[in-house]
Amino acid sequence: MELKYVDSKAISMSKSVGMEIMKFSSSLLDLKLKFGVNVAPKFCSRRGLSTKASYSRTSYDATSSVTKKNFLVDTFSYQINGTNRTGLYFRDKWVLDASDDEYGGVIVNAERLPSNPAIFTSVLRASLAHWKVKGKKGVWLKLPVDKCDLVPIAVKEGFQYHHAEKGHVMLTYWIPDEPCMLPSNASHQVGVGGFVINNKNEVLVVQEKHSAPALSGLWKIPTGFILESEEIFTGVVREVKEETGIDTEFAEVMAFRHAQNVAFEKSDLFFVCLLRPLSKQIMVDDLEIKAAKWMPLAEFVEQPLIQGDDMFKKIIDIFIARLGKRYCGLSVHQLVSKFDDKLSTLYFNTVDDPDLNCQAS
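Here's a quick rundown of the structure. (Residues numbered from 1 in each chain as written. Predicted model: local features only at pLDDT ≥ 70, side-chain atom pairs only at ≥ 80, totals over all residues. Heavy atoms only, no water.)

1. Some remarks on the pattern of salt bridges
Selection criterion: Counted as salt bridges are all cases of a side-chain nitrogen of Lys or Arg within 4 Å of a carboxyl oxygen of Asp or Glu. Classification of residues uses two cut-offs on accessible area relative to the type maximum, computed with a 1.4 Å probe and protein chains only: under 20% is buried, over 50% is exposed, and between them is partly exposed. Put simply, DSSP H or I for four residues or longer makes a helix, DSSP E for two residues or longer makes a strand, and each gets a number counted from the N terminus.
The full count for this structure, using the stated rule, is 11 salt bridges. Salt-bridge contacts for Arg238 lead to Glu239; the nearest nitrogen and oxygen are separated by 3.2 Å. For Arg238, a relative accessible area of 17% puts it in the buried group. The buried category is assigned to Glu239, whose relative accessible area is 8%. In this structure, the salt-bridge partner of Glu252 is Arg322, at a minimum N-O distance of 2.6 Å. Taken together, the residues span a long stretch of sequence, with Glu252 in strand 14 (residues 248–263) and Arg322 in helix 7 (residues 310–323) at a distance of 70 residues.

2. Comments concerning the packing of aromatic side chains
Formally: Aromatic contacts are taken between Phe, Tyr and Trp rings whose centres are within 6.5 Å, Trp giving its six-membered ring; a plane angle under 30 degrees counts as stacked, one over 60 as edge-to-face, and the others as tilted. Only Lys NZ and Arg CZ are tested; either one counts as a charge over a ring when it is within 6 Å of the ring centre and within 35 degrees of the ring normal.
Applying the stated criterion across every chain yields a total of five aromatic pairs. Residues Phe195 and Phe300 carry aromatic rings whose centres are separated by 6.1 Å and whose planes lie at 85° to one another, so their mutual orientation is edge-to-face. One end of the pair, Phe195, is in strand 11 (residues 188–196); the other, Phe300, is in helix 5 (residues 297–301), with 105 residues separating them in the sequence. Each member of the pair, Phe195 as well as Phe300, carries the same accessibility label: buried. Centroid distance Phe233 to Phe250: 6.0 Å. Interplanar angle 55°. Geometry classified as tilted. With a gap of 17 residues between them, Phe233 in helix 4 (residues 232–244) and Phe250 in strand 14 connect regions that are remote in the sequence. Each member of the pair, Phe233 as well as Phe250, carries the same accessibility label: buried. Ring-pair connections join several aromatic residues into one group, and the members of that group are Phe195, Phe300 and Phe319. Its guanidinium or amino end placed over the ring of Trp219, Lys293 lies 4.3 Å from that ring's centre, counting from NZ or CZ.

3. Digging into the nonpolar core
Proteins that are soluble and globular tend to have nonpolar side chains buried together. Selection rule: Only buried Ala, Val, Leu, Ile, Met, Phe, Trp, Tyr and Cys residues count toward a nonpolar core, and they belong to the same one when joined by side-chain atoms within 4.5 Å.
Counting 24 residues, the largest nonpolar core has Trp131, Val139, Leu141, Leu143 and Phe159 as its most contacted members. Elements that contribute at least two residues to this core include exactly strand 7 (106–108), helix 2 (117–133), strand 8 (138–144), helix 3 (151–156) and strand 10 (168–174). Per-element accounting of this core gives the leading share, seven residues, to helix 2. With 23 residues, the next largest nonpolar core counts Phe195, Ala251, Phe300 and Ile316 among its residues.

4. Notes on helix 4
Convention followed: The span expected for a helix works out to 1.5 Å for each residue beyond the first.
For helix 4, which comprises 13 residues, the first-to-last C-alpha distance of 18 Å matches the rise-based estimate of 18 Å (1.5 Å per residue) to within 8%. Taken residue by residue, helix 4 has Ile232, Phe233, Gly235, Val236, Arg238, Glu239, Val240, Glu243 and Thr244 as its buried positions. One or two residues past the end of helix 4 sits Gly245, with phi positive at roughly 80°.

5. Here we look at the layout of surface pockets
The following threshold applies: Detection works on a 1 Å grid of protein atoms alone, calling trapped sets that fit a 1.4 Å probe cavities and calling open sets with protein on both sides within 12 Å along at least five of seven lines pockets, with lining residues defined by an atom within 4 Å of a point. Grid points are joined across faces, edges and corners, and a volume is the space filled by probe spheres set on the points.
Taken as a whole, the largest pocket encloses approximately 790 Å³ of empty space. Considering the residues around the largest pocket, the lining is formed by 29 residues, among which Glu208, Lys220, Thr223, Arg257 and Phe270 are closest to the centre. Looking at the lining of the largest pocket, the elements with two or more residues in it are strand 11, strand 13 (223–225), helix 4, strand 14, strand 15 (266–277) and helix 7. By residue number, the principal contributor to the lining of the largest pocket is helix 7, which donates four residues.

6. Structural notes on the sheet that holds strand 6 (residues 98–100)
Heads up, the condition is: Strand pairing follows a simple DSSP-based rule, namely that at least 2 bridges must link the two strands. Only C-alpha atoms enter the line fits that serve as axes; for helices the fit covers just the stretch in contact. Angles between N-to-C directions range over 0 to 180 degrees.
Strands sit in the order 6-7-8-10-9 across an open sheet of five strands; the sheet is mixed. The open sheet has two edge strands with one neighbour each: strand 6 and strand 9 (160–164). Adjacent strand axes in the sheet meet at a mean angle of 25°, parallel and antiparallel pairs treated alike. Bridge count for strand 8 against strand 10 is seven bridges, and the pairing is antiparallel.

So, in structure tokens, the structure goes:
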């Protein structure tokens, strides 16, 4: 792999980038001394620009913190016009291991981060300088829980929080001196509710253990949230199974609701789905559900909390219209798009299907 020469006197980049490289060289030399790396003088002569320089070179191998492939630096001492100086060689791949994204930025490899905070600080600064010279834009830095001590270092260097998950925090850095074009964190949470009705015209309903006081005593359809990388049609089947033990088959999305500022300033998309029961025996989830049962449709509809709420009432109207074949929801169709060559799920109304025998109302 090609070694590139970094000399603060001859480097052709902006002043700020040059300063970062100089700081980086100084920090690594301090680390060299700290780890007791010996310098073996082996002099040769070279001419550069209008100065005469001689130098020797040795390798600094920080295998105590990172792999040789990740952290191999060549330092050297040299003279310019009789003045002793120290410089640094480094590899392009030696900066933080990262891959290019499709928007002109980089995604740092979280599995190959230095664990030593001092090394991470120096490498991060050099990486930012390197990416700036390369014309990169956004930097995505994922820090796992076991490297949480690196978070304040990254923030101090200018990174901003993007989002956090159970096992990591994601930070971003926008390099160009222009408005940031990185996308914000996800703005919505996605919920599902399952209307399950059997051949006796009974609806599968539950009472939750934990609910708002205003909903006390309400028998409602099973509901829940979609998991990461889960489809709507598989998520609602899973939620019904988890809460009631009933196996179901997805039929269609009958309607969906969009609400703002529902939880932690996130918006909420809630999909009301029609499901066909494949089993009868109810087994309640004791962690979330207080009770579950099959309730006659007429009794379910006449609950005061449903009759007094415009949203609930409209959903029931849609459900009854669907049972009367006066309304069609959105059925599932999985297709591959040439945009990304991936299988996607498209939900749309199939009023021309003779088996449905319904009309949109």
